[in-house]
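# Survey of secondary and tertiary structure
The lines below spell out each chain.
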Amino acid sequence: MSFYDRVVTDFNNYPALVGKVAELLAKGDYVCVLLGDRVAVATTWEDSDIGAIAKKAHLDPKEDGSLGFHGWTAGTTVDNPVVVATLAVIAQGADVEPHSASTDNELRDWLASAAEHGTSFLRAIAEAAFVSDLKHYRLLRPVLLNLKKMYPENS
């Protein structure tokens, strides 16, 4: 099962939460969901500080040290999130470090530019970053940071 399927399956294990997300989307809200160890919480994008949400909800990470994350934009449906990711937790229930290309504030824009305008090598690396799971993104991230220094024109 892919990481995407695991995060979606985990979300579907909370039918009341799925219903709440559907209600918020129907009202036109942007919604995000964090999935911890047997606990999940939904909030609007206005509460976009994921670390603060995790602290407030007392979310403990899963066994692999991650939180699942879903994001929806207004007008989408609950079965069609725009972001599905895992986030690595640095300190239990405290700080959340981005560990997917789509949530990594330091690299996301550079990766998007590299995927669109970079050399064939940079496009391939950016594509790999966007489709990688948590374990592989952790391995790629130091290389990506070095490539960003080497090719800042993609920033």
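Our subject in this report is the structure included herewith. Here the structure is a predicted model, which is why all the values come from computation and not from measurement.

## Here's the deal with the pattern of salt bridges
For the structure on display, the rule yields four salt bridges. The closest approach of N and O atoms between D37 and R38, which form a salt bridge, is 3.2 Å. Salt bridges here are not isolated pairs; linked through shared partners, they connect D104, E106 and R141.

## Describing the side chain of R141
Inspection of the secondary structure assignment puts R141 in helix α6 (residues 134–150). By relative accessible area, R141 is classed as buried at 14%. Polar contacts involving the side chain of R141 include one to the side chain of D104, which spans 2.6 Å.

## Thoughts on the packing of helix α4 (residues 108–117) against helix α5 (residues 120–131)
For any two helices packed against each other, the geometry is given by the interaxial angle and the distance between the axes. Contact pair α4 / α5: the axes reach a minimum separation of 8 Å and the direction vectors enclose 130°. The angle between the axes of α4 and α5 places the two elements in the oblique class. The chirality of how α4 crosses α5 is left-handed. Where α4 approaches α5, its residues R108, W110, L111, A112, A114 and A115 are matched on the opposing element by L122, R123, A126, A129 and F130. Here the contact of α4 with α5 is composed, by residue class, of nine nonpolar, no polar and two charged.

Rules and cut-offs
- Residues numbered from 1 in each chain as written.
- Predicted model: local features only at pLDDT ≥ 70, side-chain atom pairs only at ≥ 80, totals over all residues.
- Heavy atoms only, no water.
- Salt bridge = Lys/Arg side-chain N within 4 Å of Asp/Glu carboxyl O.
- Helix = DSSP H or I, 4+ residues; strand = E, 2+ residues; numbered from the N terminus.
- Buried < 20%, exposed > 50% of the residue type's maximum accessible area, 1.4 Å probe, protein only.
- Polar contact = N/O pair within 3.5 Å; in protein donor to acceptor, adjacent residues only side chain to side chain.
- Axes fitted to C-alpha atoms, helices over the stretch in contact; angles between N-to-C directions.
- Parallel < 35°, antiparallel > 145°, perpendicular 65-115°, else oblique.
- Left-handed = near helix turned anticlockwise from the far one by under 90°.
- Contact = heavy atoms within 4.5 Å.
- Nonpolar A, V, L, I, M, F, W, Y, C, P; charged D, E, K, R; others polar.

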